[in-house]
Amino acid sequence: QVQLVESGGDLVQPGGSLRLSCAASGSIFSIDAMGWYRQAPEKGRELVARILSDGLTNYADSVKGRFTISRDNAKNTVYLQMNSLKPEDTAVYYCNLECRPYGLGSSALRIYWGQGTQVTVSS
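Summary of the structure given here. What you see is a predicted model, and the numbers here were worked out from it, not measured in a lab.

1. A closer look at the pairing of strand S8 (residues 77-82)
Point 1. For S8, the buried fraction is high: 5 of the 6 residues fall into the buried class.
Point 2. Strand direction decides the pairing type here: strand S3 (residues 18-25) and S8, joined by 6 bridges, are antiparallel. If you follow Ala23 over to S8, its bridge partner there is Thr77.
Point 3. In this structure, the hairpin formed by strand S7 (residues 67-72) and S8 is closed by a connection of 4 residues, where Asn76 is found at a positive phi of approximately 50 degrees.

Have a look at this one:
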């Protein structure tokens, strides 16, 4: 089985920083992409940042220049460094994994989600 474990969410003051991490484990043959999405109360889930297997990254316009996504392929771990946090960044942040697990010919693409970690930015 493939699982994602997220950590790093916390209550911080505006202007503060947090680093989220997400470690993937299990029978993973290859990873196509890992990313972070967030969902605020009464809002839909939106893309925050995503990094592809070739290193290409995408960011939501609202976080460009403040957030940085990175990865450690050897550890199957993705990070989200969040700086200059704003109250509007408050949300549950979900790790997303697009991978090709063992057991399906190592070719079928599957999507997995982490359990979510709460980020609250408030004074």
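2. Here we look at the packing of aromatic side chains
Point 1. Under the counting rule described, the total for this entry stands at 2 aromatic pairs.
Point 2. Ring centres 5.6 Å apart and planes at 75 degrees place the aromatic pair Phe29 and Tyr102 in the edge-to-face group. With a gap of 73 residues between them, Phe29 in strand S4 (residues 28-39) and Tyr102 in the loop between strand S9 (91-101) and strand S10 (110-113) connect regions that are remote in the sequence.
Point 3. On the accessibility criterion, Phe29 (45% relative accessible area) is partly exposed.
Point 4. Considering the side-chain rings of Tyr37 and Trp113, the 5.1 Å spacing of their centres and the 70 degrees angle between planes classify their relative orientation as edge-to-face. Of the two residues, Tyr37 sits in strand S4 while Trp113 sits in strand S10, which places them 76 residues apart along the sequence.
Point 5. Look at Trp113 and you get partly exposed, because its relative accessible area is 39%.
Point 6. The aromatic ring of Tyr94 is capped on one face by Arg45, whose charged end is 3.9 Å from the ring centroid.
Point 7. One Lys or Arg, Arg45, reaches over the ring of Trp113 and ends 4.5 Å from the middle of that ring.

About the cut-offs
Residues numbered from 1 in each chain as written. Predicted model: local features only at pLDDT ≥ 70, side-chain atom pairs only at ≥ 80, totals over all residues. Heavy atoms only, no water. Buried < 20%, exposed > 50% of the residue type's maximum accessible area, 1.4 Å probe, protein only. Helix = DSSP H or I, 4+ residues; strand = E, 2+ residues; numbered from the N terminus. Pairing = 2+ DSSP bridges. Phe/Tyr/Trp six-rings, centres within 6.5 Å; stacked < 30°, edge-to-face > 60°. Lys NZ or Arg CZ within 6 Å of the ring centre and 35° of its normal.

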